[in-house]
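Topology and contacts: notes
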Amino acid sequence: MLEKEEILKRIPIFSQLDRVDLAKLVPELEEVKYQAGETIFKQGEQGSSLLVITGGKARVFIHNPQGAQHDLAILGSYECLGEMALLTGEPRSASVQAETDISALKLERSRFDRLQKDHPFLSIHLNRVMAQRLASTNQAAASGTVYSKDNDVSSLENGFFSVESSANYSVISHGIRQVWIWLKSLLDLKHVGALILVTLCSWGLFCVLNDAGFNRDQIIIALLLWLAAAAWSTNILSFNVISMSLPVAAVLLGVSDAQRAFIGYSSSSWFLMLSILAIAVAMNNTGLLYRVGLWTTTKFSPFYANQTLALTVSGLLLTPIIPSADGRTALAGTLAMDLVDTLGLKDRSSGAVGIAMACMLGFGQMSFLFMNGSTTCVLVFGLMPDEVASTISWGYWLRAALPLGIFYLIFSWLTILFFYREKIEYKTNVIASQLKILGPPTKHEIIAVLVVGLFLIGELTQSLHHINSAWVAIIAFLLLFGTSVLDESSVRKDIDWNRLISYGALVGFGVVIQQSGFTDVLASKAVHPLFQILSSHTALFLFTIAIFVNLLRIALPVVPALVLSTLTLIPIGSLLGVNPLVIALIILLSSNSWILPYQSTIYQNLVMSTEDRVFQHKQTLKFAYSQVAVILLSIAINIPYWRFMGLVK
């Protein structure tokens, strides 16, 4: 008997899927059997799945209103059943009965819809199959004994031409409706009230800063930050639009010249961000993340504690290799769904939630451990004062963050076991089938691993060759591009250029803020009343940072929260003898809250990639709340180490 992976490769509907998508499909397919004469589908019932025959034959037939039966087809191995109801959303147009004993693979609607979305060619193939089925039905209808409204091809064609002829009108009318909706939203009483409140707060902020002795440029910068924060928190405009508006406004209002306001686009950190996004795309496209995740899972014994640890370790190992927390978590969501099926867990069970949280911990929350762990790490690094950033290498960052990361990982993992532990039934054959489908590492995977290895070696040996991290990353990018691991289409379409544009704008505006002296004045005025308390209580100050960032994240998205907290807290910390790198690590670690779902893009990606199957938000709140205590405990334990390194007084 053929193995499942061999069967999948022979099924026409899946023939154009690549090896990674085929591997991901394995846990979604349920093996089912039917005896000869058994009814598989009934005409008129609602379709919720499709079947692919792997052995045996099935007879397809319909009944006319008078009850007469008409055979349409005999289907055999590797042909699909039930796809018409899933494509059209209509009840099943025919009945299916097992002509012989049948073995089949069953695919539920949710996975079927996702496959169609990700792979449009499946719709083309299935529409071709559906057309053939409709032709068979119409031949039966030609006898005059069968009538089916669903199979009336002429009515479908008339509908198509009607839609086609009115396409332009629909586009124009849709645009007009959207403009009208936007105008109505502006006139909404809630928005008017919010505008009045923002205006009053802006006036109050102006009066306070003016009385405190801030100069004109500093007051304008503070007002721009305040207005940007208000716009970010209300989503009144796109995040990218608001980010780009900040340096533009600084130039137009005379706070800065264009060269300084847009210097972010020529900074080394911008090129580091570009390279990191490109490397992430390359690693994603090769399927390396999925392979390592599956491989790591097989290296741990089949117990719940070990499998959650395997997921966490997998994510941690891949963090410096695939430097995109959102991308890693999105792919980890698929891995979580597969592992839930593999371990025999029910959807939304306690164990399933724990699997998802282990994915989030390893693939997303540990980003702060590496300077290239995510784009947010690069953003915070880019916002540091130049004299500080120039002293921080990839290896130095890792050395400063390592004990904090170890404590945080251990405590978080133990928390997952405490809240979500469950007995499991481990199905090793599923992962074995997935690894067989993936096959041996491809040439592109091997090149990618070698290039990323050279990148990491280059970063770790920076003290010897003195080449900036950004240029080491650019070399890695060029190697991936030159060896076709990254092609022109991937560079053009898959790299998040919107994020790069926003990043350059925010870094440039950060330079404007620093050179205006705003953060220094703010730090000196804010720190004096607290200096006597905090100067001898470093732990209290570091705890305050963690709590402040958690609270700030309730109101602001992660990027603006990082910008505001980095620019305001680093100067204060410097006056208290705390190195900016320590503050940056705590800010990054504390910024991943998801008490409210919108707070974390990492969490949102996990929700979307698990298709709302594995967990509900309320089930994760125990772990989310406990994260505050875990973070504070990890910081407290790590303070002596930072003192040893000379990063804190």
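Residues numbered from 1 in each chain as written. Predicted model: local features only at pLDDT ≥ 70, side-chain atom pairs only at ≥ 80, totals over all residues. Heavy atoms only, no water.

Broken down by element type, the protein carries 31 helices and 8 strands. Counting over 649 residues, the protein shows a buried share of 51%. Residue pairs at least 24 apart in sequence account for 79% of intrachain contacts in the protein once pairs closer than 6 positions are excluded. Accessible surface for the protein amounts to roughly 29,200 Å². Of this, 63% is attributable to carbon and sulfur atoms. (Helix = DSSP H or I, 4+ residues; strand = E, 2+ residues; numbered from the N terminus. Buried < 20%, exposed > 50% of the residue type's maximum accessible area, 1.4 Å probe, protein only. Contact = heavy atoms within 4.5 Å. Areas by Shrake-Rupley, 256 points an atom, 1.4 Å probe, with all protein chains shown as cover.)

Let's shift gears to the sheet that holds strand β7 (residues 95–98). Taken together, 4 strands build an open sheet; the order of strands is β2-β7-β4-β5 and the sheet is antiparallel. Pairing within the sheet leaves two strands with one partner each, and these edge strands are β2 (39–41) and β5 (69–75). Strand-to-strand twist across the sheet, computed as the mean angle between neighbouring axes with direction ignored, equals 30 degrees. The pairing of strand β4 (residues 58–63) with β7 spans 4 bridges and is antiparallel. Looking across to β7, one finds that V60 is bridged to V96. (Pairing = 2+ DSSP bridges. Axes fitted to C-alpha atoms, helices over the stretch in contact; angles between N-to-C directions.)

By secondary structure assignment, the location of L209 is in helix α8 (residues 189–212). In sequence terms L209 and I219 are 10 residues apart; their C-alpha atoms lie 6.4 Å from each other. Not counting chain neighbours up to four residues away, the residues in contact with L209 comprise F214, I219 and A222.

This next bit is on the packing of helix α19 (residues 394–420) against helix α31 (residues 617–645). For the pair α19 and α31, interaxial distance at closest approach is 8 Å and the crossing angle is 145 degrees. Viewed along their axes, α19 and α31 form a crossing whose handedness is right-handed. Grouping the constituent residues of the contact of α19 with α31 by class yields 19 nonpolar, 8 polar and 2 charged. (Left-handed = near helix turned anticlockwise from the far one by under 90°. Nonpolar A, V, L, I, M, F, W, Y, C, P; charged D, E, K, R; others polar.)

Attention shifts here to the nonpolar core. L8, F14, M357, M384, W397, L542 and W642 are the most contacted members of the largest nonpolar core, which has 176 residues in total. Core analysis: the second largest hydrophobic core is formed by 17 residues, V32, V60, L81 and A98 among them. (Core = buried A, V, L, I, M, F, W, Y, C linked by side-chain atoms within 4.5 Å.)

In spatial order, the strands read β1-β8-β3-β6; together these 4 strands make up an open sheet with antiparallel pairing. Whereas interior strands pair on both sides, the edge strands pair on one side only; in this sheet they are β1 (30–34) and β6 (80–81).

Caution applies to low-pLDDT regions: their predicted coordinates should not be interpreted in detail. For the protein, per-residue confidence averages 79 on the pLDDT scale, and 80% of positions sit at 70 or higher. In this model residues 144–171 is a low-confidence stretch, pLDDT under 50, and it forms 16 contacts with partners more than four residues away in sequence or in other chains. (pLDDT = per-residue confidence, 0-100.)

What follows deals with the packing of helix α27 (residues 538–555) against α31. Interhelical geometry of α27 versus α31 gives an angle of 145 degrees and a closest axis separation of 10 Å. Where α27 crosses over α31, the two elements pack in a sense that is right-handed. Contacts between α27 and α31 involve T538, A539, L542, F543, A546 and N550 on the former and, on the latter, V628, I631, L632, I635, A636, I639, W642 and R643. Class assignment for the residues of the contact of α27 with α31 results in 11 nonpolar, 2 polar and 1 charged.

Under the criterion given, the structure shown has 4 salt bridges. For D71, the salt bridge identified is with R59, shortest N-O distance 3.2 Å. One end of the pair, D71, is in strand β5; the other, R59, is in strand β4, and 12 residues separate them in sequence. Here D217 makes a salt bridge to R216, at a shortest N to O gap of 2.9 Å. Overlapping salt bridges bring together R59, D71 and E99 as one network. (Salt bridge = Lys/Arg side-chain N within 4 Å of Asp/Glu carboxyl O.)

Turning next to a nonpolar patch on the surface. On the surface, a nonpolar cluster with roughly 320 Å² of combined accessible area is contributed by L402, I406, I410 and L414. Within the secondary structure, I410 sits in helix α19. (Patch = residues over 30% accessible without salt bridge, like charges linked within 9 Å, V, L, I, M, F, W, Y side chains within 5 Å.)

Residues of helix α30 (residues 601–609) that are buried include every one of I602, Y603, N605, L606 and S609, and no others. The arc that holds every buried residue of α30, seen down its axis, measures 160 degrees, which confines them to one face. (Arc of directions from axis to C-beta.)

Here we take up the packing of aromatic side chains. Throughout the structure, instances matching the rule amount to 14 aromatic pairs. When the ring of W594 is compared with that of Y603, the centres are 6.0 Å apart and the planes differ by 20 degrees; the resulting orientation is stacked. Across the pair, exposure class does not vary: W594 and Y603 are buried alike. An aromatic cluster is built from F262, Y265, W270, F271 and W471, whose rings are joined through pairwise contacts. (Phe/Tyr/Trp six-rings, centres within 6.5 Å; stacked < 30°, edge-to-face > 60°.)

Moving on, we get to the pairing of β4. Buried residues dominate β4, accounting for 5 of its 6 residues. Where β4 lies against β5, 6 bridges are found, and the strand directions are antiparallel. Note that in β5 the partner of F61 across the bridge is D71. Here β4 folds back onto β5, and the loop between the two strands holds 5 residues, one of which, G67, carries a positive phi near 95 degrees.

When you line up the elements, I219 lands in helix α9 (residues 216–234). Since its relative accessible area comes to 5%, I219 is described here as buried. I219 sits 12 residues away from C207 along the chain, and the two C-alpha atoms are 9.5 Å apart. When sequence neighbours within four positions are dropped, the list of residues in contact with I219 reads F206, L209, N210 and F214.

Turning our attention to unusual backbone geometry. For Y78, which is not glycine, the phi dihedral falls at a positive 75 degrees. Secondary-structure assignment places Y78 in the loop between β5 and β6. With a phi close to 60 degrees, H466 is a non-glycine residue in the positive phi region. Tracing the sequence through the fold places H466 in the loop between α22 (462–465) and α23 (469–482).

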